[in-house]
Amino acid sequence: MRRSFFLSPNMERIIAGARPMSTVSRNARGISGLALCAAVLAWGCTAGPAAPAGGPPAGPPAARGGPTGAELRTRARSTPLVVAHRGDSAALPENTVPAFRSAIERRADLVELDFHETRDGVLVCVHDETLDRTTDAEQALGRKEAKVSEASVEEVAGLDAGRWKDPRFAGTRIPTLEEALRAIAPGAIAMVEHKRGGAGKLVELLRRLDLVERVLVQSFDWPWLEELRGLEPRVAVAALGGKELTEERLRELERTGACMVHWDARALRLEDFARLHRLGYLVAVYTIDDEISFLGAFVAGADAVTTNRPGELRALLDAGTLRSARP
Ligand code: G3P
Ligand code: CA
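First, a word on what this report is: a plain description of the structure on this page.

Calculation rules
- Residues numbered from 1 in each chain as written.
- Chains lettered and ligands numbered in written order.
- Predicted model: local features only at pLDDT ≥ 70, side-chain atom pairs only at ≥ 80, totals over all residues.
- Axes fitted to C-alpha atoms, helices over the stretch in contact; angles between N-to-C directions.
- Helix = DSSP H or I, 4+ residues; strand = E, 2+ residues; numbered from the N terminus.
- Parallel < 35°, antiparallel > 145°, perpendicular 65-115°, else oblique.
- Contact = placed C-beta atoms within 7 Å.
- Nonpolar A, V, L, I, M, F, W, Y, C, P; charged D, E, K, R; others polar.
- Buried ≥ 20, exposed ≤ 12 C-beta atoms within 10 Å, placed from the backbone.
- Near = placed C-beta within 6 Å.

1. Description of the packing of helix α10 (residues 222–231) against helix α11 (residues 247–256)
Helix-helix packing: each pair is described by the crossing angle between the helix axes and the interaxial distance. Orientation of α10 relative to α11, taken along the N-to-C sense of each, is 25 degrees, at an axis distance of 8 Å. By the criterion of interaxial angle, the relationship of α10 to α11 is roughly parallel. Only Glu252, Arg255 and Thr256 of α11 make contact with α10, whose side of the interface consists of Trp222, Leu225 and Glu226. Grouping the constituent residues of the contact of α10 with α11 by class yields two nonpolar, one polar and three charged.

Listed below in structure tokens is the structure:
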């Protein structure tokens, strides 16, 4: 059983009186406060010896990811990794250098960011395909719904990416991916999410910055991950998903070469944690911001928790609150 040393005596008693797994797995989906006890049961009942994935393995997931994968596995043994979603994004404008720096100050293990490619081929940190939600692009570029892929890097760099969040952040800029990685790398592992942009371009950048083995690259586009690892097998990758984790998806997952599965917490069943752990994957869940869900993710056995509030999650972990919530 994983992390049994974290269980409070009360939780151990709950496991001792566990209902049959079938009852739990039929009724419990996602993570919530109400699912907490079911999480303990599912986790306790389904952990077991390793089982094959089904597809031809590219190497066991537990051995993948090079130095980054090894470091994540080591650090996740004691408490789940804190992943700052788009930086410290509840407090600061998402996907900006101040948000990344703040996440590091709050001791996030990983700082997540998104990238797109500009018209002139530069990778820049922004989440949406269009610039309207988080910048003054409509006013600055004189048109609505301008896409990142239609703008030059000069145009993107000139936008205000802070005022939408709060007037006190006016003047905050969209960083290039290079600027973002330079800001994150000294203090945390960058979790680099591909939204749009060439795999070759990313590999070139990571090699130039000597960060090939110091980042975790993720995408919902699994063929893109395969392409990336075809170009640079040393890079650690995480496969993003948000739908039911079927056997077919597990076989597709194997082809990505991922060391981590990063899944929408609302779509992940409690029994999926044990399934994925048996196959050797690290399991990360997104995006959780409330304390009850932090606790649920912890007890369910998540190796990493992606949150817009990294400081709050870190404080709870530091205080030991997530281990001993029950009296
Ligand atoms: O890191 C997981 C999460 O970032 C994926 O969703 O839309 O926030 O990029 P999204
Ligand atoms: Ca993202």
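Still more to cover.
2. Focus on unusual backbone geometry
In this structure, threonine 287 follows tyrosine 286 across a cis peptide bond, with omega equal to -25 degrees. As for its placement among the helices and strands, threonine 287 is situated in the loop between β8 (282–286) and α13 (291–300). Residue arginine 86 is not a glycine yet carries a positive backbone phi of 60 degrees. Take arginine 86: there are 26 C-beta atoms within 10 Å of it, and that puts it in the buried class. Look at arginine 107: it is not a glycine, yet its phi comes out positive at around 65 degrees.

3. Focus: the site of ligand 1
Neighbouring ligand 1 are His85, Glu112, Asp114, His127, Glu193, Leu240, His262, Tyr286, Thr287 and Thr306. A class-by-class count of the residues in the shell around ligand 1 yields two nonpolar, five polar and three charged.

4. Quick word on the environment of histidine 277
By secondary structure assignment, the location of histidine 277 is in helix α12 (residues 270–279). For histidine 277 and alanine 62, which are 215 residues apart along the polypeptide, the C-alpha to C-alpha distance reads 9.0 Å.

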